[in-house]
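Listed below are the residues making up each chain.
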Amino acid sequence: MNVEMQRARRRQMFIFLLVTFGMLVLLARLYYWQVLQSHSGYNLAQQANQEHLQNQILDAPRGLIYDSAGRILASNIIRDDVYIEPVQFSVDHPNGDTQGDLQTLIGALHGALPSISIDTLQKAFHDGMAQGLWAERVAVRITPAQSQTLRNLQLSDVFLQPHTWRVYPGGTLASQILGFVTQNDTGNAGMYGIEKQYNSLLQGTPGSLTAETDLQGNPLTLAPGNEQPAVSGANLTLTIDSNVQYMVETALANAVKQLDAMSGTVVILNVRTGAVVSMAGYPTFDPNQYGQYANQLGCENQAGVYFNPAIYCVYEPGSTMKAVTMSAGLDTGLITPDTTLDDQGCMSFSDAAQVCNWEDLAYGTESMTGVLIHSANVGAAYVAHNILHTTHYYPYLQKFGFGQATGIADGQENPGSYRQPGNPLWSVSDLTRQAFGEAIYATPLQVALVYQTIANGGMQMQPYMVASIQGNGHNANTQPVVKRRVISANAAQLLTGMLEQAATKGFAQLAQVPGYSIAAKTGTATTQGISADQTVASVAGFIPASNPKFVILVKLDRPQKAIYGSTAAAPLWGYIAQQLMWYYNVPPDLPL
Amino acid sequence: MRVSSRPILAARRRRQLHPFFFRMGPVGLCICSVLLISLMAVLYLSQLGQAVTANQQIQTLHRQQATLAREDQDLVQQIAQEQSPVYIAAHAKAMGLIPADPKTVIVLVISHLKPIPSYSQHLQP
């Protein structure tokens, strides 16, 4: 090998070593960034992923709520919120005519959203820039036309964010049954009513999408990604009928206004199944604008207007309670409809306070049917005190469901209350008063269930409002459930006859429906401590009495123009009953 | 001098075993390699282009789907509103209709009348 060749070899070796050294340095540096710093220190892997990976939450559509005929009571709409990007705007306009561009942008925004003043928009931009806000919402729930206008304008530093809203097409219709949904940036939650009770089923499960994105932030569908699809909320079908509900709500509102009452409640149950056909309260609210009703009260100002008064607001049932006293007497066999007492208008008891009839009216020798016809407090107290005693009376209060939640709405029911032996505050006067509906607090639904039990041959059904649940892993139809037998079929039949006579000959004559037999009892309750003319007027009963289809309870709180169950509540009861018979094509059972 | 034919046969066999391009020189081999790599690059870019186009189409379809879903919900809402008795009653009143006076209603009782199933299905008390 000559000298030239050796030099060349050395040069080659030098270059080789140099390149090798360089490669080693690069490898070491690569190891440092790729291995040592990828998951610790600068956490480069995560930073890189944040640059090109996007994690989206996929909203689960909230389930719809239908009435028994398939009409939608609650649905969803998507509307856009408008956001501006103050910081991005200042980044996009570092040196140029910032003020001029801002005015142009604000002018365009104001043109699309005239309800937002130019001053408001200017303030939003300037405040946002000063505070370093990347995004600031300037408009909520804009109309579809406004959304389209803004999309067409393609304004820089302005974007639309879709948002799902719960809407109730009927407005106030059945609002106290449905409740409402609070909606904010973090999600939504059902409040009150069905929306709260079935919130977990209705809201479904949100999904997620993790995917690489392009420069505009659109997910690259073909790139590797991870999608967890959203599970839509379940659809609920209620037992209520919108048409009946509307008729009842309208009639109730008219009655409350005409009688200058404080509030009112109506409950209609299907006698055979226990399904709620209608449940109305007044005053009520519009769930589409629930915030406007935050300070309004319902049910004798006992609670907010959002509560369903039929299951939440308790009252003293008054004379409608006499049906319970008679039920206990008939079922135990201790009385018959023809059992008599001497009613002198007032009755004194050795161990309890004196009980008197309305205006101390005396009826002389009076049958049990007569007690219901005259709505005689004396007769009811006599049965409870002298015939049934505590041992036979209180078990029936328990069996009828007083003092217990019915189970129709978990956590939203008031179970009511009454004193009974064992309670240190109980006295025999409680027994005599409870016999005619004082000193006992019940919800309208509990009182309606008493009459449902009588109409259904003594069998109390479990009341329910949700007929079926479809979706979100559920596919269930509610089957009517017998809760318990409260009284015998014979006792129920005897009592039906007594209530029929009470309706035709007693105080419920204004509730009569031509062509139909009714079994009903009026009630006029006063509250201790307030004026005697501040009453709770009510009627409870069922129609047709010969083959009961519906139980109707009407309750008006403190009506001023007419204060008795017979004059204030009975006409409304009759109107609703007649409309029901026509709507459901129930054939008359009496000659027209 | 006698020449053996064996080496010639051996060379012929070697030529048969090795295809002709193995005999290409370095220049030819480079050109072929460049062409091959170019072809693969073209194929790759073509596939990538198709993927990007498909992705854009999917994005467009997603946007259309979102728009249609929104329109669908709006239409459902519109139907729900127009089916609502509140809406119907308001329009009936606007048209001059008034609630029937119960006294003027005549109830006809037709014994053994079979109800119309589709009409009365949800009207079972």
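What you see is a predicted model; the values in this text were computed from it and never measured.

### Here we look at the overall build of chain A
Helix and strand content of chain A: 18 helices and 27 strands. Over its C-alpha atoms chain A spans a radius of gyration of 36 Å, topping by over 25% the 25 Å that the globule rule assigns to 592 residues. Seen along its three principal axes, the alpha-carbon backbone of chain A occupies a region of about 150 × 60 × 50 Å. Out of the 592 residues belonging to chain A, those deemed buried represent 46%. Pairs at least 24 apart in sequence give 70% of the contacts found in chain A among residues at least 6 apart.

### What to know about the interface of chain B and chain A
Contact residues are listed per partner, giving 24 residues for chain B and 31 residues for chain A. Elements that contribute at least two residues to the side of chain B that touches chain A include exactly helix H2 (26-83) and helix H3 (85-94) of chain B. Of the residues forming the side of chain B that touches chain A, the biggest block, 13 residues, is contributed by H2 of chain B. Split by residue class, the side of chain B that touches chain A holds 13 nonpolar, 9 polar and 2 charged.

### Brief notes about the environment of glutamine 470 of chain A
Residues and elements named next belong to chain A. Mapped onto the fold, glutamine 470 is located in strand S22 (residues 466-471). For glutamine 470, a count of 15 C-beta atoms within 10 Å translates into the label partly exposed. Residues glutamine 470 and alanine 520 lie 50 residues apart in sequence; the distance between their C-alpha atoms is 38 Å.

### Topic: unusual backbone geometry
Residues and elements named next belong to chain A. Looking along the chain, the bond that leaves tyrosine 282 and enters proline 283 is cis, with omega of 5 degrees. By secondary structure assignment, the location of proline 283 is in the loop between strand S12 (276-282) and strand S13 (297-298). Of note, the bond from isoleucine 543 into proline 544 is cis; its omega dihedral lies within 30 degrees of zero at -15 degrees. Relative to the helices and strands, proline 544 is located in the loop between strand S26 (535-543) and strand S27 (550-557). Phi is positive for asparagine 585, which is not a glycine, with a value near 50 degrees. The residue asparagine 585 is located in the segment after helix H18 (565-583) in this model. Residue class for asparagine 585 comes out partly exposed when judged on the 14 C-beta atoms lying within 10 Å of it.

### Topic: the pairing of strand S23 (residues 474-477) of chain A
Residue and element names in this part refer to chain A. In this sheet, S23 lies alongside S22 in antiparallel orientation, the contact comprising 4 bridges. Looking across to S23, one finds that glycine 471 is bridged to histidine 474. The turn joining S22 and S23, which pair antiparallel and follow one another in sequence, is formed by 2 residues; a positive phi near 55 degrees is taken by asparagine 472.

### Section: the nonpolar core
All names here are of chain A. Counting residues in each nonpolar core, the largest one holds 150 residues, and the members touching the most others are Val551, Trp573 and Ile576. Broken down by element, the residue count for this core peaks at 12 residues, all from helix H14 (residues 377-400). Not counting chain neighbours up to four residues away, the residues in contact with valine 551 comprise Ile268, Leu269, Val271, Ala448, Tyr451, Gln452, Ala455 and Phe542. Counting residues in each nonpolar core, the second largest holds 12 residues, with Ala112, Leu121, Phe125 and Leu150 among its members.

### Thoughts on the sheet that holds strand S25 (residues 519-526) of chain A
Residues and elements named next belong to chain A. One open sheet accounts for 5 strands, arranged S12-S11-S27-S26-S25; its pairing is antiparallel. Every interior strand has two partners, whereas the edge strands, S12 and S25, have only one. Between one strand axis and the next, the sheet turns by 5 degrees as a mean value, whatever way the strands run. Note: strand S11 (residues 263-270) against S12, 6 bridges, orientation antiparallel. Among the inter-strand pairings, leucine 269 is bridged to a residue of S12, identified as valine 276. Contacting S11, S26 and S27, helix H16 (residues 444-455) crosses the sheet at an angle of about 150 degrees to S27. Relative to S25, helix H17 (residues 489-505) is tilted by about 65 degrees, and along the sheet it contacts S25 and S26.

### Some words on H17 of chain A
All names here are of chain A. For H17, built from 17 residues, the straight-helix expectation of 24 Å at 1.5 Å per residue is met to within 8% by its first-to-last C-alpha distance of 24 Å. Along H17, the residues classified as buried are Ala491, Ala492, Leu494, Leu495, Thr496, Met498, Leu499, Glu500, Ala502 and Ala503. For H17, the elements touching its buried residues are helix H12 (322-332), helix H13 (368-374), H16, S25 and S26.

### Things to note about the packing of H12 of chain A against H17 of chain A
Residue and element names in this part refer to chain A. The interhelical angle for the contact between H12 and H17, taken along N-to-C directions, is 140 degrees, at an axis separation of 9 Å. Judged by the inter-axis angle, H12 sits oblique to H17. The crossing of H12 and H17 is right-handed. Each of Ala323, Met326, Ser327, Leu330 and Asp331 in H12 lies in contact with H17, whose residues at this interface are Ala491, Leu494, Leu495, Met498 and Leu499. Classifying every residue of the contact of H12 with H17 by side-chain character gives 8 nonpolar, 1 polar and 1 charged.

### Describing the confidence of the model for chain B
Residues and elements named next belong to chain B. Confidence in the prediction of chain B, expressed as mean pLDDT, is 80, and 75% of residues score 70 or more. Within chain B, the element-level pLDDT minimum falls on helix H4 (residues 117-120), averaging 57, and the maximum on H3, averaging 93. Predicted complex, confidence summary: ipTM 0.77, pTM 0.84.

### So, the packing of helix H10 (residues 242-258) of chain A against H18 of chain A
Residues and elements named next belong to chain A. The interhelical angle for the contact between H10 and H18, taken along N-to-C directions, is 160 degrees, at an axis separation of 10 Å. One way to sum up the angle between H10 and H18 is to call them roughly antiparallel. Remark: the crossing between H10 and H18 carries right-handed chirality. On H18, the residues touching Asn243, Val244, Met247, Val248, Ala251, Leu252 and Ala255 of H10 are Leu572, Tyr575, Ile576, Gln579, Leu580 and Tyr583. For the contact of H10 with H18, the class distribution of residues is 11 nonpolar, 2 polar and no charged.

Basis of the calculations
- Residues numbered from 1 in each chain as written.
- Chains lettered and ligands numbered in written order.
- Predicted model: local features only at pLDDT ≥ 70, side-chain atom pairs only at ≥ 80, totals over all residues.
- Helix = DSSP H or I, 4+ residues; strand = E, 2+ residues; numbered from the N terminus.
- Rg over C-alpha atoms; globule rule 2.2 N^0.38 Å.
- Buried ≥ 20, exposed ≤ 12 C-beta atoms within 10 Å, placed from the backbone.
- Contact = placed C-beta atoms within 7 Å.
- Nonpolar A, V, L, I, M, F, W, Y, C, P; charged D, E, K, R; others polar.
- Pairing = 2+ DSSP bridges.
- Core = buried A, V, L, I, M, F, W, Y, C linked by C-beta atoms within 7 Å.
- Axes fitted to C-alpha atoms, helices over the stretch in contact; angles between N-to-C directions.
- Expected span 1.5 Å × (residues − 1).
- Parallel < 35°, antiparallel > 145°, perpendicular 65-115°, else oblique.
- Left-handed = near helix turned anticlockwise from the far one by under 90°.
- pLDDT = per-residue confidence, 0-100.

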